[in-house]
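Report on the structure
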2 protein chains.
Amino acid sequence: MPTYTAPTRDTRFIINEMLDLASYGNLPGFESATPDMIDTVINEAGKFCSEVLAPLNQIGDEQGCTRHDDGSVTTPDGFKEAFDQYVESGWGTISAPEEFGGQGMPHTLGFVIEEFVATSNMAFGMYPGLTTGAVAALIAAGSDEQKATYVPNMISGKWLGTMNLTEPHCGTDLGMIRTKAEPQGDGSYDITGTKIFISAGEHDLTENIIHLVLAKTPGAPDSSKGISLFVVPKFLVNDDGSLGERNAVSCGSIEHKMGINGNATCLLNYDGAKGWMVGEENKGLAAMFVMMNAARLGVGIQGLAQSEVAYQNAVTYALDRRQGRALTGPAEPEAKADPIFVHPDVRRMLMDAKAFNEGMRAMCLWGALMVDLTHNAATEEERAEADAMIGLLTPVIKGYGTDKGFDFATNMQQVYGGHGYVKEWGMEQFVRDARIAMIYEGTNGVQAMDLCGRKLASKGGAAIQAFFKLVGEEIASAKQDDGLKDIAERLEKALDEQQAATMWFMNNAMQNPNHLGAGAHHYMHIMGIVTLGYMWLRMAKVAQERLAGEPEDKAFYEAKLTTARYYAERFLPDAGSLRRKLEAGSESMMELGEEAFATAA
Amino acid sequence: MPTYTAPTRDTRFIINEMLDLASYGNLPGFESATPDMIDTVINEAGKFCSEVLAPLNQIGDEQGCTRHDDGSVTTPDGFKEAFDQYVESGWGTISAPEEFGGQGMPHTLGFVIEEFVATSNMAFGMYPGLTTGAVAALIAAGSDEQKATYVPNMISGKWLGTMNLTEPHCGTDLGMIRTKAEPQGDGSYDITGTKIFISAGEHDLTENIIHLVLAKTPGAPDSSKGISLFVVPKFLVNDDGSLGERNAVSCGSIEHKMGINGNATCLLNYDGAKGWMVGEENKGLAAMFVMMNAARLGVGIQGLAQSEVAYQNAVTYALDRRQGRALTGPAEPEAKADPIFVHPDVRRMLMDAKAFNEGMRAMCLWGALMVDLTHNAATEEERAEADAMIGLLTPVIKGYGTDKGFDFATNMQQVYGGHGYVKEWGMEQFVRDARIAMIYEGTNGVQAMDLCGRKLASKGGAAIQAFFKLVGEEIASAKQDDGLKDIAERLEKALDEQQAATMWFMNNAMQNPNHLGAGAHHYMHIMGIVTLGYMWLRMAKVAQERLAGEPEDKAFYEAKLTTARYYAERFLPDAGSLRRKLEAGSESMMELGEEAFATAA
């Protein structure tokens with residue numbers, strides 16, 4: 001059975017050494033996040049995830065969820081008990097606001113726990129994971145009464161939440177939704193319609209489930225401008241907080257999926273269910289985006305997560321499995337064969353995953369810090385800057401992170417040879433689970449268009465210019481340092497490619513917007529490559545500084561430097577070929593009509 | 001449910017127009033392969049595959065195979081009847097030698113049928129598919145008696161065959177096998193040992209199964225130089241050809257796998273089973289490679305196959321599913337939304353798969369022609385050249401073909417959004433099935449080392465020099481043609497990258513063989529990219545010639561030209577970044593010791 005160890009040392013390195021979270025201690029929300037506190041939280045969360053959640057991962061996949069005739073859903077063996085422990089330990093409350101019973105610690109720390117949970121058991125993690133988004137939407141757009149009624153119990157884990165967007169005929173294009181909300185004159189609405197692909201839509205983990213549902217009021221515009229958001233609890237909540245009547249929302253079926261079988265993906269029927277509007281009428285899309293942005297970051301972390309757990313197990317296997325001899329001569333002549341760890345192609349796959357995982361972890365936590373600064377930076381200007389930066393990074397974390405997370409989980413399966421294809425070894429589950437992250441909460445094609453069609457151009461390109469400045473300054477400074485010069489120069493070349501690609505969009509997309517669409521995926525990947533390069537340059541800089549002080553765990557910092565070099569040599573070159581593809585534009589891509597795609601006899 | 005249409009038009013284009021098979025009509029084995037005959041075979045085989053095999057694909061995945069307590073194995077519903085029809089129609093006999101009851105047609109045509117079968121139902125196709133390799137080994141190394149006893153029934157499909165290489169502790173490193181062969185003094189051997197991952201190792205499709213088994217005779221060298229090959233029938237064969245005693249080989253279990261569930265992957269126990277040596281003692285590895293090379297080409301075709309069937313269904317879905325509007329304004333203003341086919345990112349994924357599938361099909365069939373010429377070219381020199389070329393191409397067809405086949409099957413699943421992740425749509429099965437092709441018959445890492453460590457250097461690099469000459473001449477000629485100039489120049493750049501990478505290996509791999517291992521995967525991909533580019537240039541040339549004659553199906557040839565341009569613009573650039581990675585060498589890749597890969601707390 002696969003195992004999982006939380007990468008606590010690497011996490012501490014990023015938070016305490018690279019991001020230097022302690023230096024933000026004067027800001028609200030950061031006071032309590034001392035290095036000691038951070039260490040304690042990280043270590044305990046890591047322990048819980050590796051000891052309680054990881055052992056349930058394969059069981060969850062094998063058993064899946066079961067829907068009973070009465071519409072109730074049972075989660076896999078052990079999930080309920082593990083969830084109770086999760087709630088008891090307060091893991092979901094770490095970065096939630098204190099006014100609603102949270103611990104008010106930085107999001108940066110909350111993201112760490114999200115990573116550990118998603119890595120040890122992705123299907124399990126989705127139950128509390130989606131609640132985070134629902135809570136964010138309620139806090140941002142809900143009335144005081146709604147917040148008081150739902151938020152504290154959702155934060156504590158007494159209740160869980162869901163996001164109801166997709167319908168059978170529409171997912172990305174939410175303007176087409178058909179679910180109706182009829183006002184009842186008492187402030188409530190009757191919600192009627194069918195929602196599909198609702199993760200954690202029904203289950204036995206909590207006594208109540210709080211659904212956030214997109215629907216249309218009578219006469220609403222027939223577009224995305226006519227969508228409103230509603231809160232629809234499974235059980236109505238009495239004034240004293242006790243549970244009342246069962247609401248008219250029920251699970252019609254659960255999907256049979258490629259993976260994340262431990263999570264119940266439901267079709268939910270709303271048959272005049274009682275709901276209350278969250279925020280303003282027809283402004284549901286904005287409230288939905290609050291929920292969605294939180295969810296997208298969580299999905300990006302899932303990309304890292306599956307690559308990480310697959311990597312850890314592949315390392316174990318590569319050191320244990322013996323086949324053939326090192327190309328440079330037997331590494332262990334007394335044994336019949338060397339561990340496959342000696343083969344460059346195996347090492348290539350391991351180093352690729354290592355370089356991605358550590359770089360991606362840094363990107364996610366840097367992104368989390370931006371979320372914190374959006375709320376808590378000292379000045380309005382700094383808050384706006386952080387908000388713009390995380391807006392820019394969100395589609396990259398989600399899109400690039402999950403594309404590559406899937407690739408590297410697949411490579412780690414490859415390390416196992418034939419055994420990787422057999423279920424009992426558990427590697428193929430990581431690949432199947434990782435696959436959904438490229439699809440849900442907006443496919444990666446949608447992420448690419450969010451980045452290129454919306455975020456790049458926003459406010460005259462302020463965010464991307466700020467990004468270029470940040471990376472450019474780091475490069476300029478590192479080029480002065482002999483130990484970092486080579487990495488910095490390689491990153492500079494990749495940054496040049498990104499800037500050229502940006503310029504190409506500026507010069508060509510107005511004339512033909514398809515040019516933007518045709519290159520958006522490539523651009524998202526260039527940006528992911530450059531951002532991880534920026535992370536690696538910063539990590540290398542810190543590692544070099546530490547090494548100058550002859551630290552105890554010298555090997556850790558030396559590995560950071562080598563991996564930074566590996567990243568520069570083997571990831572950054574792709575920025576060049578991606579730019580060439582992008583600059584090919586959309587002509588040959590869009591030229592052929594549908595008849596050319598039919599299979600001709 | 002997904003559907004499949006055999007791409008007969010495209011196949012005819014490659015065979016009749018690009019390869020011009022008719023021009024080889026003066027060579028033995030080619031006489032009967034007239035364009036008319038080819039058309040008939042292709043059309044009928046295509047019909048059989050789409051009407052009989054494709055509808056069983058999803059059933060095979062859902063049901064899988066069942067092992068009963070007596071060790072017998074039942075294949076999924078419908079497989080036995082379909083196999084009987086397959087045998088009756090003689091689809092497995094097309095390119096088998098006439099002296100053993102085959103139809104003696106070119107391998108090029110046999111490959112077409114292999115593609116159609118693998119595309120419509122990969123798990124089914126593996127039953128007869130592996131037999132092809134076993135037959136090749138028996139014909140190459142077996143005695144006349146062995147050939148007479150087994151081969152005709154294996155060709156007709158009365159019996160099926162298997163390849164038994166892997167054992168629990170060894171796969172790639174066959175020198176470590178432990179299966180023993182004790183001579184019995186009567187020419188037979190008692191075979192004892194355990195073999196795993198034996199595809200089609202036990203089933204109910206045929207009355208007998210002919211196992212080809214690697215084992216060691218007493219006192220054989222303790223390395224790959226001490227391996228012998230044995231033929232071990234499930235039922236012994238009496239002198240009159242009737243079936244005799246049940247042999248002591250039995251299925252101990254079947255694997256639960258990520259995919260290809262319709263094929264029984266068996267653990268086989270040999271408990272003193274009676275077998276006969278095939279070829280010379282201790283020369284089993286050479287005989288095994290005959291079998292393996294045939295199998296590797298078949299696996300390469302599986303990469304194409306899953307990408308092709310996934311593509312066909314993704315096209316249907318993209319034209320049917322409506323979400324959002326074209327970036328250039330509504331394509332169908334009267335509808336609520338446009339088909340997702342209008343979105344550049346969807347079109348990118350479809351065009352990528354189209355360009356790969358058609359190019360890969362051309363590469364596979366060009367490779368098949370090399371197989372034919374190896375046997376039947378007019379002069380010894382031409383036969384040797386063809387043999388060297390297919391030797392060079394085999395790891396590329398297998399390794400590059402299955403890596404990319406998996407990637408594009410995955411992209412086609414992406415076109416479906418959330419529905420792609422749900423089992424009933426069938427797209428996720430294509431991805432799961434495609435995954436094994438990167439692993440079995442030698443992982444793609446093994447393919448890369450076969451290409452770079454063995455084939456490149458063989459006979460002073462004669463094969464790769466011949467390849468460079470061939471591609472170089474095609475480019476030089478195309479550069480004179482205004483319609484092909486741009487494609488040719490882009491291919492020239494990619495060929496330059498490959499030549500530089502080859503030179504880099506020559507200058508560096510002697511000094512440190514890890515440099516070769518570190519770049520082998522990249523090199524294999526560069527060579528795949530260039531070879532498909534060469535195929536596209538040849539296809540574009542033919543298409544342009546045809547268009548000059550104002551043909552009836554003008555649109556078909558125009559699509560070829562556009563897709564060739566798309567390939568040149570969007571696939572060839574990767575050769576450059578891959579070369580840069582390759583030239584980074586092995587230092588940062590191999591520098592870190594095992595402790596640096598452990599997850600630190």
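Residues numbered from 1 in each chain as written. Chains lettered and ligands numbered in written order. Predicted model: local features only at pLDDT ≥ 70, side-chain atom pairs only at ≥ 80, totals over all residues. Heavy atoms only, no water.

An unreviewed UniProt entry lists chain A under the name 3-methylmercaptopropionyl-CoA dehydrogenase, with Parerythrobacter jejuensis given as the organism. You can read under Catalytic activity (unreviewed entry) in the UniProt record for chain A the words "3-(methylsulfanyl)propanoyl-CoA + oxidized [electron-transfer flavoprotein] + H(+) = 3-(methylsulfanyl)acryloyl-CoA + reduced [electron-transfer flavoprotein]". Here is the UniProt Sequence similarities (unreviewed entry) comment for chain A, exactly as written: "Belongs to the acyl-CoA dehydrogenase family." (UniProt positions renumbered as here; feature names shortened; annotations may be inferred.)

What follows covers the overall build of chain A. The helix and strand tally for chain A stands at 18 helices and eleven strands. Taking 2.2 N^0.38 as the reference for a compact globule, 601 residues should give roughly 25 Å; the C-alpha atoms of chain A span a radius of gyration of 24 Å, in line with that estimate. The C-alpha extent of chain A, read off along each of the three principal axes, is 80 × 70 × 60 Å. Among the 601 residues that make up chain A, the fraction classed as buried is 64%. The long-range share in chain A, meaning contacts at least 24 apart out of those at least 6 apart in sequence, stands at 73%. If you sum the accessible surface of chain A, you get close to 20,400 Å²; carbon and sulfur atoms cover 50% of it. Averaging the positions of the 50 positive and the 80 negative side-chain charges in chain A gives two centres separated by 5 Å. (Helix = DSSP H or I, 4+ residues; strand = E, 2+ residues; numbered from the N terminus. Rg over C-alpha atoms; globule rule 2.2 N^0.38 Å. Buried < 20%, exposed > 50% of the residue type's maximum accessible area, 1.4 Å probe, protein only. Contact = heavy atoms within 4.5 Å. Areas by Shrake-Rupley, 256 points an atom, 1.4 Å probe, with all protein chains shown as cover. Lys, Arg positive; Asp, Glu negative; His and termini not counted. Charge placed at Lys NZ, Arg CZ, Asp CG, Glu CD.)

Before going further, it helps to spend a moment on the interface of chain B and chain A. Counting residues at the interface gives 103 residues for chain B, matched by 103 residues for chain A. For the chain B and chain A pair, buried surface summed over both sides reaches about 9,100 Å², with 59% attributable to carbon and sulfur atoms. On the chain B side of the contact with chain A, B:Tyr421, B:Arg570 and B:Phe597 bury the most area, a combined 10% of that side's loss. Viewed at the interface, chain A and chain B are joined by six salt bridges. (Buried area = accessible area lost by both parts, 1.4 Å probe. Salt bridge = Lys/Arg side-chain N within 4 Å of Asp/Glu carboxyl O.)

All names here are of chain A. We note that the domain assignment places domain 1 (288-358 + 373-451) and domain 2 (455-589) within chain A. Inter-centroid distance (C-alpha atoms) of domain 1 to domain 2 is 19 Å. Contact with domain 1, which involves 25 residues of that partner, is made by 26 residues of domain 2. Together domain 1 and domain 2 conceal approximately 2,200 Å² of surface at their shared face, both sides included; 73% is due to carbon and sulfur atoms. (Domains from an automatic or database assignment.)

With that settled, the discussion passes to the packing of helix 1 (residues 8-18) of chain A against helix 15 (residues 513-548) of chain A. Residues and elements named next belong to chain A. Two numbers describe how helix 1 lies on helix 15: the axes approach to 11 Å, and their chain directions differ by 80°. By the criterion of interaxial angle, the relationship of helix 1 to helix 15 is roughly perpendicular. Mapping the contact onto sequence places Phe13, Ile14, Glu17 and Met18 in helix 1 and Met535, Arg538, Met539, Val542 and Arg546 in helix 15. Looking at the contact of helix 1 with helix 15 residue by residue, the classes come out as six nonpolar, no polar and three charged. (Axes fitted to C-alpha atoms, helices over the stretch in contact; angles between N-to-C directions. Parallel < 35°, antiparallel > 145°, perpendicular 65-115°, else oblique. Nonpolar A, V, L, I, M, F, W, Y, C, P; charged D, E, K, R; others polar.)

With that settled, consider the UniProt feature "domain: Acetyl-CoA dehydrogenase-like C-terminal" (unreviewed entry) in chain A. Residues annotated in UniProt with the feature "domain: Acetyl-CoA dehydrogenase-like C-terminal" (unreviewed entry) correspond here to residues 468-592 of chain A. Spanning residues 468-592 of chain A, this segment combines 81% helix with 0% strand, and its end C-alpha atoms are found 37 Å apart.

Inspection of the entire model under this criterion finds 78 salt bridges over all chains. Here B:Arg325 makes a salt bridge to B:Asp338, at a shortest N to O gap of 2.8 Å. Of this pair, B:Arg325 sits in the loop between helix 8 (284-320) and helix 9 (344-376) while B:Asp338 is found in the loop between helix 8 and helix 9, placing the two residues 13 residues apart along the sequence. Classification of B:Arg325 as partly exposed rests on a relative accessible area of 28%. The structure contains a network of salt bridges with shared partners spanning A:Asp10, A:Glu115, A:Glu308, A:Lys354, A:Glu358, A:Arg361 and A:Lys560.

We now examine the UniProt feature "domain: Acyl-CoA dehydrogenase/oxidase C-terminal" (unreviewed entry) in chain A. Those places that UniProt annotates as "domain: Acyl-CoA dehydrogenase/oxidase C-terminal" (unreviewed entry) correspond, in this numbering, to residues 282-451 of chain A. Between the first and last C-alpha atoms of residues 282-451 of chain A the distance is 25 Å; the span itself is 74% helix and 0% strand.

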